[in-house]
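Structure at a glance
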Amino acid sequence: MRFVEGGLKDLSVSRTSFDWGVPVPDSPGHVMYVWVDALTNYLTGIGYPDMTGDKAKFWPADIHLIGKDIVRFHAVYWPAFLLSANIPLPKSVFGHGFLLTRGEKMSKSVGNVVDPMALADAFGVDALRYFFLREVSFGQDGSYSPEAIVTRVNAELANSFGNLAQRTLSFIAKNLEGVFPSAGTVHEADGVLIEEVIVACAGFKAGFTDLALSQGIEAWMRGVFACNQYIDAQAPWALRKTDPDRMHAVLRTLVRAIRMLAIAILPVVPDSAGKVLDQIGAVERDHAAIDDDRWYDRVAASDFRITPPSPVFPRLELPAEA
């Protein structure tokens, strides 16, 4: 390979001109260097050298995500190739860790290689995605087991967020005929909860921006826990008989909070969170929609009604073969 002003002269390599430790046959001639061939696919795969129109948005990449065992090739060789051709570098490179099964690295010789499709069939795609993003500190090795998946998903999705949405929406469907609750009698606790949920959603976004995925979901869970503490303390089922106006305010606050939490977690559990949003008629679902609090009045003024919901996050059972 020859580096010349303005770009790469050619993509061939010989032992004498360019050798980074990759065995080169003794036969004469030039041999395509394997990493040039592999790495340039990032560009040719998106249409290089034609990078006009819509293709321009794909390069430079905001983040180059690769396995930690090949960081050297992507953080040293690949930037050198790009610089020699006057092509912009990826804005960042992040090396992720390995997934371990019960603490051991998967190996064909050991016989502990796990089929990811079988895991998805056993636990569901959303549940599996949530577990790995929540359980594994991104960038580090992470271990899993069927027991760990069941425990984490049941505790946080089924028992915490799923149960929160289920009992709130079921209560509205049964006692208000699905009509969105009115403003009612507002207390300070209502505004405190909404603020806690906003902070939790912002923490989720900040975590994902920084690739601190587990920490982002942990921030989101703080919002879920706050909602569960709020509903237990306010007890709308008791207010139904003693203070209906206050009951309306509590339920209205919970619907608003559930919507924000569902939009925030949508990238992690898109199918399940999407069903929650369907149940409350929330159409706009990008992260910016979290700040649009006028959506409630728009839906409440429409003919939309909350129907008795089906559980979105059913409890997982440990597969028999586990």
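Going along each chain's sequence as written, the residues are numbered from 1 onward. Given that the model is predicted, a residue must reach a pLDDT of at least 70 before its local features are reported, and side-chain atom pairs must reach 80 or more before they are shown or counted; all residues, however, enter totals for whole chains, interfaces and linings. With hydrogens and water set aside, each side-chain value is computed from the structure's full complement of heavy atoms.

**Focus: the packing of helix 5 (residues 125-135) against helix 8 (residues 213-234)**
Rule in force here: Throughout, an axis means a line fitted to C-alpha atoms (over the contacting stretch in the case of helices), and angles, computed between N-to-C directions, take values from 0 to 180 degrees. Numbered from the N terminus, helices here are DSSP runs of H or I no shorter than four residues, and strands are runs of E no shorter than two. Each angle gets one of four labels, with under 35 degrees taken as roughly parallel, over 145 as roughly antiparallel, 65 to 115 as roughly perpendicular, and the rest as oblique. A contact between two residues is defined here by any heavy atoms of the two lying within 4.5 Å. Three categories are distinguished: nonpolar for Ala, Val, Leu, Ile, Met, Phe, Trp, Tyr, Cys and Pro, charged for Asp, Glu, Lys and Arg, and polar for the others, with Gly belonging to the last.
Helix 8 packs onto helix 5 with a crossing angle of 105° between their chain directions and a minimal axis gap of 6 Å. When the axis of helix 5 is compared with that of helix 8, the two are roughly perpendicular. Between helix 5, through Y130, L133 and R134, and helix 8, the contact on the second element is made entirely by L213, S214, I217, E218, W220 and M221. When its residues are assigned to classes, the contact of helix 5 with helix 8 shows six nonpolar, one polar and two charged.

**A few points about the sheet that holds strand 8 (residues 104-105)**
Rules: When DSSP finds at least two bridges between two strands, those strands are taken to pair.
Strands sit in the order 8-7-9 across an open sheet of three strands; the sheet is mixed. Single-partner strands in this sheet number two, and they are strand 8 and strand 9 (142-144). Note: strand 7 (residues 99-101) against strand 8, two bridges, orientation antiparallel. Paired with T101 across the bridge in strand 8 is E104.

**Focus on unusual backbone geometry**
Leaving glycine aside, a negative phi is the common case for residues, and trans is the common case for peptide bonds. Of the consecutive residues Y48 and P49, the connecting peptide bond is found in the cis state with omega at 10°. In the segment running from W59 into P60, the intervening peptide bond is cis, with an omega of 5°. Within the fold, P60 resides in the loop between helix 2 (41-44) and strand 5 (64-67). Residue N86 is not a glycine yet carries a positive backbone phi of 55°. With respect to the helices, strands and loops of the structure, N86 is situated in the loop between helix 3 (71-84) and strand 6 (93-96).

**Let's talk about the nonpolar core**
A general tendency of soluble globular proteins is for nonpolar side chains to be buried together. This is how it is decided: Definition of nonpolar core: a set of buried residues of the types Ala, Val, Leu, Ile, Met, Phe, Trp, Tyr and Cys, connected through side-chain atoms within 4.5 Å. The cut-offs for exposure are 20% and 50% of the maximum accessible area for each residue type, with area from a 1.4 Å probe on protein chains only; residues under the lower value are buried, those over the upper are exposed, and the others partly exposed.
Y130, F161, W220 and I280 are the most contacted members of the largest nonpolar core, which totals 68 residues. Per-element accounting of this core gives the leading share, 13 residues, to helix 10 (residues 244-265). Other than its neighbours up to four places away in sequence, F161 contacts E156, W220, V224, I258, L261, A262, V276 and F313. Grouped together as the second largest cluster of nonpolar side chains are 14 residues, W35, M51, W78 and A85 included.

**Digging into the pattern of salt bridges**
For the record, the criterion: Basic side-chain nitrogens of Lys or Arg form a salt bridge, by our definition, when they fall within 4 Å of a carboxyl oxygen of Asp or Glu.
Applying the stated criterion across every chain yields a total of 14 salt bridges. The shortest N-O distance in the salt bridge between D232 and R167 comes to 3.1 Å. Of the two residues, D232 is situated in helix 8 and R167 in helix 6 (residues 146-175); the sequence distance between them amounts to 65 residues. Its relative accessible area of 47% is what places D232 among the partly exposed residues. The class of R167 is partly exposed, set by a relative accessible area of 28%. Two residues, R294 and D292, come together in a salt bridge whose shortest N-O distance is 3.9 Å. One continuous salt-bridge network, built from bridges that share partners, spans R134, E135, R152 and E156.

**Side note on the side chain of T168**
Take T168: it is sitting in helix 6. The class of T168 is buried, set by a relative accessible area of 1%. Among all residues touching T168, those that are not within four sequence positions of it are I231, L251, L254, V255 and I258.

**Quick notes on the pairing of strand 6**
Walk down a regular strand and you will see the side chains alternate between the two sheet faces. Our working definition: Looking down the strands as they point away from you, a crossover is right-handed if its path from the first strand over the helix to the second goes clockwise.
Bridging between strand 5 and strand 6 involves four bridges; their strand directions are parallel. In the strand pairing of strand 6, L65 is matched with F94. A crossover links strand 5 with its parallel partner strand 6, the connecting element being helix 3, and its sense is right-handed.

**Let's talk about the environment of S214**
Take S214: it is sitting in helix 8. Placed 78 residues apart in sequence, S214 and V136 show a C-alpha to C-alpha distance of 6.5 Å. Non-local contacts of S214, meaning those with residues more than four positions away in its chain, are made with L133, R134, V136 and S137.

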